[in-house]
Number of protein chains: 2
Amino acid sequence: MQISSKFTIGVHLLAVIDYLGEDEKVTSNVLAGSIGVNPVIVRNVMGNLKEAGLISISQGRSGIALAKKPDQITFYDVYKAVDSVNDDGLFHFHENPNPECPIGKNIHKAMDSKLDRVQKCMEDEMRQITLADVMTDIQSELKKD
Amino acid sequence: MQISSKFTIGVHLLAVIDYLGEDEKVTSNVLAGSIGVNPVIVRNVMGNLKEAGLISISQGRSGIALAKKPDQITFYDVYKAVDSVNDDGLFHFHENPNPECPIGKNIHKAMDSKLDRVQKCMEDEMRQITLADVMTDIQSELKKD
DNA sequence: CCGCCTGTAATATACCACATTACAGGCAAA
DNA sequence: TTTGCCTGTAATGTGGTATATTACAGGCGG
């Protein structure tokens, strides 16, 4: 199992928007070219990021721009924006434990809070990482040339 | 996306084995009955847990038993045993970033260590939770009746 | 030796991620 | 205001994966 690539696509997207800034025209086709996926996928992710208030999109001969500063955009924001994990949570619980069995009857209650704790731990860590951190690392790679 | 139910099945499995202990005969059919899934799934998970050294299985008119004490079996052990997450990691990275693009060329390098950090955080939290914790909660639910 | 149980392969099904085509609608520039 | 690019989105295809199910070979204990 893996978290959908929509998440990494989202971060990549934001990085390109930040990098090309207001100088160059950024379109879903340009982005799709850099990311290496279909433009429709990009437009969908763009829509998610827009709904979440991370970017602004003006139609027509368009302009896409960050709606927040890079250090105000965290991995968690992107992760939530693109619905990386559904409402049932990170862990898929088997759906039919036997209520006639003392374990089956209570396993859900006994595990849920623990699984939530694990998921929350992961999400809290994602809140610590920002787009600015990614840009810093990209810049320092670029300087090596 | 969600982590396969094989993980929760694995924990459920261990809980039943611990609960029914050495008194009653525990078979894949009994387990499947409590868990509410097909016996073959149970046997596969059993195999995983056996390989990982968490349970012992003797064939024939069989006996299944925990190979460690409940407080020595963590969620992480089960999670690893059933291959909840493949070797590529928790996050599925888009596979064809454009090497001609300054961002596409470096996005992988810039994000990998951060994603690893997130995953490791989750796994560390799982190491803190044991089968014994689950059994404690189940027991206290049972006492409510 | 008989019967129950595990190990495992083969097959089916349903769902999901991602790709692709197509087109309607909007904004901006000319 | 018209034209052309671009976004929003629906419809469809496809491959991969999770789980179910049937079937059977092999092993151990009674």
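Just above sits the structure.
Thresholds, definitions, all that
- Numbering of residues starts from 1 in every chain and runs along the sequence as written.
- To read the labels, note that chains go from A and ligands from 1, taken in the order they are written.
- Reporting of local features is limited, given that this is a predicted model, to residues whose pLDDT is at least 70; pairs of side-chain atoms are given and counted only at 80 or more, and all residues count toward the totals for whole chains, interfaces and linings.
- Values shown for side chains rest on all heavy atoms present in the structure; no hydrogens or waters enter the calculation.
- The secondary structure listing takes helices from DSSP runs of H or I that are at least 4 residues long and strands from runs of E that are at least 2 residues long, numbered from the N terminus.
- How far a helix is expected to stretch is found by multiplying one less than its residue total by 1.5 Å.
- For every residue, the accessible area (1.4 Å probe, protein chains only) is compared with the maximum for its type, and the residue is labelled buried under 20%, exposed over 50%, or partly exposed between those bounds.
- Note on pairing: two strands pair once DSSP finds at least 2 bridges between them.
- With axes taken as lines fitted to C-alpha atoms, and helix axes fitted only over the stretch in contact, angles between N-to-C directions fall between 0 and 180 degrees.
- When an angle is under 35 degrees it counts as roughly parallel; over 145 it counts as roughly antiparallel; between 65 and 115 it counts as roughly perpendicular; any other value is oblique.
- When the near helix sits turned anticlockwise from the far one by under a right angle, the crossing is termed left-handed; a clockwise turn instead gives a right-handed crossing.
- By definition in these notes, contact holds between two residues if any of their heavy atoms fall within 4.5 Å.
- Under the scheme applied, nonpolar residues are Ala, Val, Leu, Ile, Met, Phe, Trp, Tyr, Cys and Pro; charged residues are Asp, Glu, Lys and Arg; polar residues are all the others, including Gly.
- Exposure above 30% relative accessible area and the absence of a salt bridge qualify a residue for a patch, where like charges join within 9 Å and nonpolar side chains (Val, Leu, Ile, Met, Phe, Trp, Tyr) within 5 Å.
- Computed with the Shrake-Rupley method and a 1.4 Å probe, the accessible areas treat only the protein chains shown as cover for residues.
- Within this document, salt bridges are pairs made up of a side-chain nitrogen of Lys or Arg and a carboxyl oxygen of Asp or Glu, the two lying within 4 Å of each other.
- The sign given to each residue is positive for Lys and Arg and negative for Asp and Glu; His and the chain ends receive no count.
- Each charge is placed at NZ for Lys, CZ for Arg, CG for Asp and CD for Glu.
- A least-squares superposition brings the copies together, and it is based on the C-alpha atoms of residues with pLDDT no lower than 70 in both.
- Buried residues of nine kinds, namely Ala, Val, Leu, Ile, Met, Phe, Trp, Tyr and Cys, make up a nonpolar core once their side-chain atoms join them within 4.5 Å.
- Each pair of aromatic rings taken from Phe, Tyr and Trp, with Trp reduced to its six-membered ring, is defined by centres within 6.5 Å and is described as stacked if the planes are under 30 degrees apart, edge-to-face if over 60, and tilted in the remaining cases.
- Here, over-ring charges are defined by two tests on the NZ atom of lysine or the CZ atom of arginine: distance to the ring centre within 6 Å, and angle to the ring normal within 35 degrees.

Undergrad: For this particular structure, what's the right way to read helix 1 (residues 6–20) of chain B?
TA: For an α-helix, 3.6 residues make a turn, and residues three or four places apart therefore share a direction. All names here are of chain B. Its 15 residues give helix 1 an end-to-end C-alpha distance of 21 Å, which sits within 8% of 21 Å, the value for a rise of 1.5 Å per residue. Most of helix 1 sits out of view: 12 of its 15 residues are buried. Residues Phe7, Thr8, Ile9, Gly10, Val11, His12, Leu13, Leu14, Ala15, Val16, Ile17 and Leu20 constitute the buried set of helix 1. Directly after helix 1, the chain includes glycine 21, whose backbone phi takes a positive value near 55 degrees.

Undergrad: Looking at this structure, how should I read the pairing of strand 2 (residues 63–66) of chain B?
TA: A regular strand places its side chains so that they alternate between the two faces of the sheet. All names here are of chain B. The alternating pattern of strand 2 places Ile64 and Leu66 on a buried face and Gly63 and Ala65 on a face that is not buried. Note that strand 1 (residues 55–58) and strand 2 share four bridges and pair antiparallel. Pairing of isoleucine 55 across the sheet is with leucine 66, part of strand 2.

Undergrad: Please explain the packing of helix 1 of chain B against helix 6 (residues 131–143) of chain B as it appears in this structure.
TA: When two helices pack together, their arrangement is given by the angle between the helix axes and by the axis-to-axis distance. Residue and element names in this part refer to chain B. Running from N to C, helix 1 and helix 6 cross one another at 65 degrees; their axes reach a closest spacing of 10 Å. Compared by their axis directions, helix 1 and helix 6 come out roughly perpendicular. When the axes of helix 1 and helix 6 are compared, the crossing they make is right-handed. Residues Val11, Leu14, Ala15, Asp18 and Tyr19 of helix 1 lie in contact with helix 6, whose contacting residues are Leu131, Val134, Met135, Ile138, Gln139 and Leu142. For the contact of helix 1 with helix 6, the class distribution of residues is nine nonpolar, one polar and one charged.

Undergrad: I keep staring at a negative patch on the surface and nothing clicks. Help me out?
TA: Residues A:Glu51, A:Asp83, A:Asp87, A:Asp88 and A:Glu95 make up a contiguous surface patch of negative charge. Tracing the sequence through the fold places A:Asp87 in the loop between helix 4 (75–81) and helix 5 (102–127).

Undergrad: Quick question: what am I supposed to make of the relation of the copies chain B and chain A here?
TA: Here the two chain copies are tied together by a rotation about an axis and a shift along that axis. Mapping chain B onto chain A leaves a residual RMSD of 0.0 Å; the transformation is a rotation of 180 degrees accompanied by 0.0 Å of translation along its axis. Such a combination of rotation and displacement between the chain copies is what one expects of a two-fold axis. Taking C-alpha positions as the reference, the residue of chain B nearest the rotation axis is B:Met122, at 2.5 Å. The fraction of interface residues of chain B whose copies in chain A are also interface residues reaches 100%, indicating that both copies meet through the same surface.

Undergrad: Looking at this structure, I do not really get the nonpolar core. What am I missing?
TA: Looking at soluble globular proteins, one finds that nonpolar side chains tend to be buried together. With 94 residues, the main nonpolar core has A:Phe7, A:Leu49, B:Phe7 and B:Leu49 as its most contacted residues. Apart from the residues within four sequence positions on either side, B:Leu49 is in contact with B:Gly10, B:Leu13, B:Leu14, B:Leu54, B:Ile55, B:Val78, B:Ala81 and B:Val82.

Undergrad: In this structure, what is going on with the packing of aromatic side chains? I would like to understand it.
TA: Aromatic rings considered in pairs are described by the distance between their centres and by the relative angle of their planes. This structure, assessed with the given rule, holds six aromatic pairs over all chains. A ring pair is formed by B:Phe7 and B:Phe75, whose centres lie 5.5 Å apart and whose planes are at 80 degrees; its orientation type is edge-to-face. Highlighted residues: B:Phe7 in helix 1 and B:Phe75 in helix 4 (residues 75–81), separated in sequence by 68 residues. In this structure an aromatic cluster arises from ring pairing among A:Phe7, A:Phe75 and B:Phe91. It is A:Arg127 that lies over the ring of A:Tyr76; its NZ or CZ is 4.0 Å from the centre.

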